[in-house]
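Tertiary structure, described
Here's the letter readout for the chains.
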Amino acid sequence: MNYNIIFCKHMKIYINTLLFLLLSFTTACSQENSTDPPEATGNLRVAEAFPNLSFTRPVDLQHSGDNSDRLFVVEQRGVISVVQNDPSTTEKTEFLAIESKVDDSGNEEGLLGLAFHPNYESNGYFYVNYTAANPDRTVISRFSVSSSNPNQADADSELVLLQFDQPYSNHNGGQVSFGPDGYLYIAVGDGGSGGDPQENGQNRSTLLGSILRIDVDQQNEAVSYSIPDDNPFVGNTEGFREEIYAYGLRNPWRFSFDSSNGQLWTGDVGQNKYEEIDIIVKGGNYGWNAMEGFHCFNSSDCDEEALEMPVWEYDRSQGDVSVTGGFVYHGEELPELEGLYVYADFASGRIWSLDSNDPENPINTELLKAPFPISSFGIDQNQELYICGFDDKIYKLSNE
Ligand SMILES: [Ca+2]
Ligand SMILES: [Ca+2]
Ligand SMILES: [Ca+2]
């Protein structure tokens, strides 16, 4: 046993915890100094969805699409819990536990995303996105539910679809989601460090800095997926990875599809100045690291031609640090949000709605400032919106 490695790993966890506490502390201070009401602006407030339950560093929330009204909460350490979607529930069941496979020693590492197959009810397949060590890498895998217990996955059923090296511990993307086309979309960050030192964002011969799209239902001879025929770089002769759907992204941690029109919305985390919201189009180049938001990055002049501009950006002047992409709301409980994109800032806890019906004049409205960091949003089978609080609780927006 190499105690040095274990010691270093624990030191790394300790340092990351300190950094996180520092970030939380800074957030708490800025909230105290704010003249805004701490919890509510307008009629909306945050309310605990499951007052009797806590989750350790929840980073994703999904439903299984089988009308069972269950919610699956992903904990960064490598655990997925399942709960019945009832606010009075006192029970959570461990659906999958893969801590031994997952490397969560870095603040942005761990089990980061979960997607249920569109035919989950019949095939029992679900997909995860996690980081692993030796070597540091991202793993995209399929698992199966147990044949005898719908609240238990078969931990031995892993089929690895895709792995790629991670040069630094941060910027690992995280989202995995099926699009309305039935293909699996995967968020991949630029690899990490700061400023994209390896220039992965603009390099289409790496998967880093992209949103990928693969077909998990057709297996190629060599790998357990195939490339959709109409992926934008299919058949290229320049060595571009054919999995790439869009590129020039820094860390598109969370994305989602608008269920009314299929538009793909993402929050792309910025470097030091601007956080951005993008609508992702096939083959689009979102500019990183030539641009950060609407601005040239590290230069006074950059070539904006052929780049996709954000729908919206915000700067960091009000204590915001890192965008958490959300959903275009189509639930029933909050009719005032119908058709609006709801998203947040991780550190400040501010939650906004964005109306981009007139793309030339998007209307961004602050809904409220939550008193906790916001790692992710999720929806249930009725498209009602949930919030993963990094205070280990799950919340809903409420107008009551
Ligand atoms: Ca990384
Ligand atoms: Ca790339
Ligand atoms: Ca951009």
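Structure: above.
Residues numbered from 1 in each chain as written. Chains lettered and ligands numbered in written order. Predicted model: local features only at pLDDT ≥ 70, side-chain atom pairs only at ≥ 80, totals over all residues. Heavy atoms only, no water.

1. So, the overall build of the protein chain
Per the secondary structure count, the protein chain includes two helices and 26 strands. Within the protein chain, buried positions represent 54% of all 400 residues. Within the protein chain, counting contacts between residues at least 6 apart in sequence, those at least 24 apart form 55% of the total. (Helix = DSSP H or I, 4+ residues; strand = E, 2+ residues; numbered from the N terminus. Buried < 20%, exposed > 50% of the residue type's maximum accessible area, 1.4 Å probe, protein only. Contact = heavy atoms within 4.5 Å.)

2. Things to note about the coordination of the calcium ion (ligand 1)
Protein-derived ligands of the calcium ion (ligand 1) are Gln166 (OE1), Tyr168 (O), Asn170 (O), Asn172 (OD1) and Gly191 (O), with the metal-ligand distances lying across 2.3 to 2.5 Å. Between consecutive donors of the calcium ion (ligand 1), the numbers of intervening residues give the motif Q-x1-Y-x1-N-x1-N-x18-G. Of this pair, Asn170 sits in the loop between strand S9 (153–165) and strand S10 (176–178) while Gly191 sits in the loop between strand S11 (184–188) and strand S12 (210–214); the two residues are 21 residues apart in sequence, bridging distant segments of the chain. One exposure class covers both Asn170 and Gly191, and it is buried. (Donors = N, O, S within 2.8 Å, 3.2 Å for Na, K, Ca; no water.)

3. Things to note about the coordination of the calcium ion (ligand 2)
Within the first shell, the calcium ion (ligand 2) binds the protein through Asn200 (O), Asn203 (O), Thr206 (O), Thr206 (OG1) and Leu208 (O), at distances of 2.2 to 2.9 Å. Spacing between the donor residues of the calcium ion (ligand 2) along their common chain follows N-x2-N-x2-T-x1-L. With relative accessibility at 7%, the residue Leu208 sits in the buried group.

4. With respect to the environment of Asn134
Tracing the chain through its elements places Asn134 in the loop between strand S7 (125–132) and strand S8 (137–145). With 31 residues separating them along the chain, Asn134 and Asp103 place their C-alpha atoms 9.4 Å apart.

5. Comments concerning unusual backbone geometry
Residue Pro135 follows Asn134 across a cis peptide bond; omega there is -5°. With respect to the helices and strands, Pro135 occurs in the loop between S7 and S8. Of note, the amide linkage connecting Trp288 to Asn289 takes the cis form, showing an omega dihedral of 5°. Note on placement: Asn289 falls in the loop between strand S16 (274–280) and strand S17 (291–292). In the Ramachandran plot, Glu199 falls in the positive-phi region, its phi being about 55° despite a non-glycine side chain. Along the chain, the position of Glu199 falls in the loop between S11 and S12.

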